[in-house]
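Below, each chain spelled out in residue letters.
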Amino acid sequence: MFAYRHHFHAGNFADVFKHAFLSQLILSLQKKERPIVYVDTHAGIGHYDLTHPWAIKNKEFIQGVGRIFGCIDYPPDIGPYLEILNQNNESGALLKYPGSPVIAKNLLREQDRLVLNEFNSSDAEQLRLLSKGWLRTEIRHEDGFKLTKSVLPPRERRGLIFIDPSYDRSGEFERVASAVEIGLRKFATGVYAIWYPVMSESVTLDFIQRVKTYGDQSLLRSEIHLSKTLFPGLMNACGLLIVNPPFQFESVAKTIGSWLLDKFDSSHNGRLLNQIID
């Protein structure tokens, strides 16, 4: 149950992809002054030491964040994410990778609130220590797939639910879909950002179709597919399914995705997918 450790994969292309999107989703919700809540169902330890033996075992970060760290030729939409990355590596050397809790903490305003959850006991304690002193932050230690039942609807009535499990066990697509179903019943207007590895087109379509049956919300499917030759034996494609995407977010997704694809796939055999599903 607790075998997965994200430290082995911290800063890989999938992390960069989802966290660049995450930054803009938060900023999109902040275009209105009203407060928001950010809910992270599988928060991990919050930040990752890239000199740790687990990180350097496969060095996945080299083909991910290592490709963009220090870049100066980037579109404005990815600027906030890169700024947070730089703030966490002030020496100019790439030594740390900020996870979703740190990214959200850096972007949230004084009227906003964080709910960070981690099921693994050791990781939850590290997250608790990291967040000590953070204002308006709640740390929870429970099954992330049940969090939409226990914390929704939020008092703010506006928010982003980030669902990012490991998918290291069978049935996790079904568990994610069930969590989204419960969430939409309780908080139909929330924005849900669901990360997933691309296993096959049929698995992805089955998952999306199941989520689509839960209501009439608009969906945005955004994926990045990199050349398999660059990632032998490793995941080479992933996506985000965004329920209730902010207005015109498809354009933001295309901008971020295109820039990342150019940086990540030197073979030029990769591709992007951005599809609105109404």
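Look up: the structure comes first, before these words.
All values reported here derive from a predicted model rather than from experimental measurement.

Check the secondary structure of the protein chain and you find 9 helices and 10 strands. For the protein chain, the C-alpha radius of gyration of 17 Å lies close to 19 Å, the compact-globule estimate for 278 residues. Judged by the C-alpha coordinates and their principal axes, the protein chain covers about 45 × 45 × 40 Å. Counting the 278 residues in the protein chain, one finds 57% classified as buried. Of the contacts formed within the protein chain by residues at least 6 apart in sequence, a portion of 77% connects residues at least 24 apart. Surface accessibility of the protein chain: about 12400 Å² in total, with carbon and sulfur atoms responsible for 52%. Considering the protein chain, the positive charge centre built from 32 side chains and the negative charge centre built from 31 side chains are found 4 Å apart.

The next subject is the packing of aromatic side chains. A complete count under the given rule lists 9 aromatic pairs for this structure. For the ring pair Phe13 and Phe231, a centre distance of 5.3 Å and an interplane angle of 50 degrees mean the geometry is tilted. A residue pair is termed long-range when its members are at least 10 positions apart, and Phe13 in helix H1 (residues 13–29) and Phe231 in the loop between strand S8 (219–225) and strand S9 (237–243) qualify at 218 residues. Measuring from centroid to centroid gives 6.2 Å for Phe21 and Phe249, while their planes differ by 65 degrees, and the two rings are edge-to-face.

Once that is clear, we can look at the pattern of salt bridges. Tallying each qualifying case throughout the model produces 13 salt bridges. With a closest N to O distance of 3.0 Å, Lys18 and Asp164 form a salt bridge. Residue Lys18 is found in helix H1, and its partner Asp164 is found in the loop between strand S6 (159–163) and helix H7 (172–186); the two are separated by 146 residues along the sequence. By relative accessible area, Lys18 is classed as buried at 3%.

The subject of this paragraph is the side chain of Ser23. Considering the arrangement of structural elements, one finds Ser23 in helix H1. With relative accessibility at 1%, the residue Ser23 sits in the buried group. Setting aside chain neighbours within four positions, we find Ser23 in contact with Tyr81, Ile103 and Leu107.

Moving on to the pairing of strand S5 (residues 137–140). Regular strands have side chains that alternate between both faces of the sheet. Here strand S4 (residues 113–117) pairs with S5 via 4 bridges, running parallel. By the bridge assignment for S5, Leu114 is matched with Thr137. Crossover S4 to S5 through helix H5 (residues 121–130) is right-handed.

Cut-offs and rules
Residues numbered from 1 in each chain as written. Predicted model: local features only at pLDDT ≥ 70, side-chain atom pairs only at ≥ 80, totals over all residues. Heavy atoms only, no water. Helix = DSSP H or I, 4+ residues; strand = E, 2+ residues; numbered from the N terminus. Rg over C-alpha atoms; globule rule 2.2 N^0.38 Å. Buried < 20%, exposed > 50% of the residue type's maximum accessible area, 1.4 Å probe, protein only. Contact = heavy atoms within 4.5 Å. Areas by Shrake-Rupley, 256 points an atom, 1.4 Å probe, with all protein chains shown as cover. Lys, Arg positive; Asp, Glu negative; His and termini not counted. Charge placed at Lys NZ, Arg CZ, Asp CG, Glu CD. Phe/Tyr/Trp six-rings, centres within 6.5 Å; stacked < 30°, edge-to-face > 60°. Salt bridge = Lys/Arg side-chain N within 4 Å of Asp/Glu carboxyl O. Pairing = 2+ DSSP bridges. Right-handed = clockwise from strand over helix to strand, strands pointing away.

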